[in-house]
Amino acid sequence: MYDKPQVTAIGHFINGQHATGGSRSQDVFNPAVGNAEKRVALADKTTVEAAIAAAQAAFPAWRNTTPAKRAEVMFRLKQLLEKHADRICRLITAEHGKVLNDALGELQRGIENVAFAAYAPELLKGELSRNVGPGIDSWSEFQPLGVVAGITPFNFPAMVPLWMWPIAVVCGNTFVLKPSERDPSAAIAIAELAHEAGLPPGVLNVVNGGKEAVDVLLSDTRVQAVSFVGSTPIAEYVYQTGSAHGKRVQALGGAKNHAVVMPDADIGNAVNALMGAAYGSCGERCMAVPLVVAVGDATADAVVEKLQTEIAKMKVGPGTDTANDMGPLVTREHCDKVRGYVEQGVREGATLVVDGRGIKVAGHEKGYYLGACLFDHVKPGMRIYQEEIFGPVLGVVRTESLQQAMEMIDAHEYGNGTCIFTRDGEAARYFTDHIQVGMVGVNVPLPVPVSYHSFGGWKRSLFGDLAAYGPDAVRFYTKRKTITQRWPSAGVREGAVFSFPSHR
Ligand code: NAD
């Protein structure tokens, strides 16, 4: 099945076992060196159906396992993830390219979601009202949906799957995960650890693949709900197709996050924060900041000057070298696409202040590197303003007022994250109150909610009603059932009268 036997073959994980399946496969590259070191199987319909069948078979027993027992698996998984963190981070860096420190950051965020899932008995307690009528009690409980699916992007191969399946399974569901085919190993390694932690076979299944596998998950009647994270066109497709098949769907899409820098901001502090937000993980983050909106020319001049100074200090190279701040982009194709945006920005008339295209990483000439790029005088209407680039390209937009900055942000199709740098509490409060964006930071560049809140953008950054992880995920992965109960008792003289006709 694999046409390159010298490379590592990555298959699927179905019913607690490694599995092959699908006649097609594709290369998985190490972006630091530009070599295809692995090959991943692409699941066909039969393989995905086997995973769904395993999940469906595991559901009745898992549903009836007490929430406390399900939570115990999460406690053990948390410990195992911590123990194997280095190995998982190395898998991430070898396929995604991000520096090991960024890989550890994403894994830690994932582990926080496992810790949240361990609160299952508390999260599933339900709501009780006694004596809603004479001798009548009523309560709402939250029951699992059954088999649910998750489809995840390349940029957080450990964290985004951990946003989904731990909460889904701790609520009593069983799961089929379809990770990104560009960096599939971390999801499989974590599934192995989940089984070591005591997750019964079939409760979590991982199928690798692309559109063919996704389409089965979107149409199979046994799948009750689908969580998706990825680019907006695919998010919209998944939302519409899954909904048309009667499934509950949440689909998180792309982003173009703006950071507003006010004239009174501490510029040193703001630029320090913006460097990590723009160039960390090579800009391949949906909460990255690719646009700075500077209020006033003096603010813009100061921001651009300081950014140039800081960019000059950045080290770019393989993610395994801890001296490096930024690794390569994920694939040759993506690297070429991002370079294309830099050319586009120059053609559109923005000023390219720092050009990272000439970068050479000694000994890694075939790697997919692009140095930090910085544009000034970016304007709405330019493609580099409008479109998600998903690379180390930061643009500075100049505005005259906070109002103008906010109008620009509100007019953008995406509404994932934004932030404001200021010392003015009134301006910050006005901004947080009115801006049409789902996650907002004040002097915090990447306002990613902690695991006990939920993560979700507005506008075309999220299709569906409920956000990812946290309390929203508990609601997404369960259905409310409300029960009203009366136990007529001979000893109780006064009670509700349900007899009919009522005038006997
Ligand atoms: P992508 O949309 O290309 O792929 C996401 C998933 O969809 C993958 O599992 C992929 O196999 C599958 N897929 C791709 N094409 C498909 C098709 N035609 N039909 C069905 N399935 C298909 O996204 P990506 O490049 O892996 O990830 C980067 C994108 O994800 C960026 O746009 C980024 O903003 C977004 N993202 C969003 C969030 C968020 O929380 N909003 C978080 C992380 C990443």
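Residues numbered from 1 in each chain as written. Predicted model: local features only at pLDDT ≥ 70, side-chain atom pairs only at ≥ 80, totals over all residues. Heavy atoms only, no water.

1. Observations concerning unusual backbone geometry
Note the cut-off: Under the DSSP-based scheme used, a helix requires at least four consecutive residues in state H or I and a strand at least two consecutive residues in state E, with every element numbered from the N terminus. Relative accessibility thresholds used throughout: buried, under 20% of the residue-type maximum; exposed, over 50%; partly exposed, between the two (1.4 Å probe, protein chains only).
Positioned with a positive phi, H377 is a non-glycine residue whose angle comes to about 55 degrees. Within the fold, H377 resides in the loop between β16 (373–376) and α13 (383–386). Overall, the relative accessible area of 31% leaves H377 in the partly exposed class. Residues other than glycine seldom take positive phi values, yet K459 does so here, at roughly 55 degrees. Following the sequence through the fold, K459 ends up in strand β21 (residues 458–459).

2. Points about the pattern of salt bridges
Note the following rule: Here, a salt bridge means any side-chain nitrogen of Lys or Arg that lies within 4 Å of a carboxyl oxygen of Asp or Glu.
Following the criterion strictly, the structure yields 25 salt bridges and no others. The partner of R222 in a salt bridge is D220, with the nearest N and O atoms 2.9 Å apart. Residue R357 is joined to D355 by a salt bridge in which the shortest nitrogen-to-oxygen separation is 2.9 Å. R357 sits in the partly exposed class, given a relative accessible area of 24%. Of the residues examined, D355 reaches a relative accessible area of 40% and is grouped as partly exposed. The network of salt bridges with common partners includes D297, D301, D376 and R398.

3. What about the domain arrangement of the chain?
For the record, the criterion: Each domain's limits were defined by an automated method or a database of domain assignments. Contacts are assigned to residue pairs that have any heavy atoms within 4.5 Å of one another. A 1.4 Å probe defines the accessible area here, and the buried area is the portion of it lost by two parts on being joined, summed over both. Polar contacts, as counted here, are pairs of nitrogen or oxygen atoms within 3.5 Å of one another; within protein the pair requires one atom able to donate a hydrogen and one able to accept it, and residues that are adjacent in sequence qualify only if both atoms are side-chain atoms.
Partitioning the chain into domains gives domain 1 (45–253 + 461–482) and domain 2 (258–442). Spacing between the C-alpha centres of domain 1 and domain 2 amounts to 31 Å. With 15 residues of domain 1 at the contact, the number on the domain 2 side is 19 residues. On the domain 1 side of the interface with domain 2, the three residues burying the most area are V99, F154 and S461, jointly 31% of the side's total. At the boundary of domain 1 and domain 2, one finds zero salt bridges. Along the contact surface separating domain 1 from domain 2 lie five residue pairs in polar contact (both at pLDDT 80 or more). For the side of domain 1 that touches domain 2, the elements supplying multiple residues, two or more each, are α3 (85–96) and α4 (100–117). Residue contributions to the side of domain 1 that touches domain 2 peak at four residues, all from α3.

4. So, the sheet that holds strand β19 (residues 417–421)
Test applied: Note on pairing: two strands pair once DSSP finds at least 2 bridges between them. Orientation is described by lines fitted to C-alpha atoms, with helices fitted over the stretch in contact, and by angles between N-to-C directions that extend from 0 to 180 degrees.
Here seven strands make up an open sheet; going across it, the order is β15-β16-β17-β14-β13-β19-β20 and the pairing mixed. Looking along the sheet, the strands with just one partner apiece sit at the ends: β15 (351–354) and β20 (439–442). Shown here is a sheet whose adjacent strand axes are inclined to one another by a mean of 20 degrees, direction ignored. Pairing of β19 with β20, which is carried by four bridges, proceeds in the parallel orientation. Residue pairing for β20: T418 is matched across the bridge by V440. Along the sheet face, helix α12 (residues 332–348) touches β15, β16 and β17 (393–399) and points at about 25 degrees away from the line of β16. Along the sheet face, helix α15 (residues 425–434) touches β13 (258–261), β19 and β20 and points at about 170 degrees away from the line of β19.

5. Brief notes about the side chain of N30
Note that N30 resides in strand β4 (residues 24–30). Residue N30 is classed as buried on the basis of its relative accessible area, which comes to 12%. Not counting residues up to four positions away in its chain, the partners in contact with N30 are N35, E37 and A94.

6. Points about the pairing of strand β9 (residues 174–178)
In plain terms, the rule: Here a crossover is taken to be right-handed if, once the strands point away from the viewer, the path from the first strand over the helix to the second is traced clockwise.
By the criterion of burial, β9 is predominantly enclosed, with five of the five residues buried. Of the two faces of β9, the one lined by T174, V176 and K178 and the one lined by F175 and L177 are each fully buried. In the sheet, strand β8 (residues 147–151) pairs with β9 via five bridges, with the strands oriented parallel. Each bridged residue has a counterpart across the sheet, and for I151 the counterpart in β9 is K178. Remark: the β8/helix α6 (residues 159–170)/β9 crossover connection has right-handed handedness. In this structure, β9 lies alongside strand β10 (residues 204–206), joined through three bridges in parallel fashion. The residue of β10 that forms the bridge with V176 is N205. With helix α7 (residues 185–196) bridging β9 and the parallel β10, this β-α-β connection has right-handed handedness.

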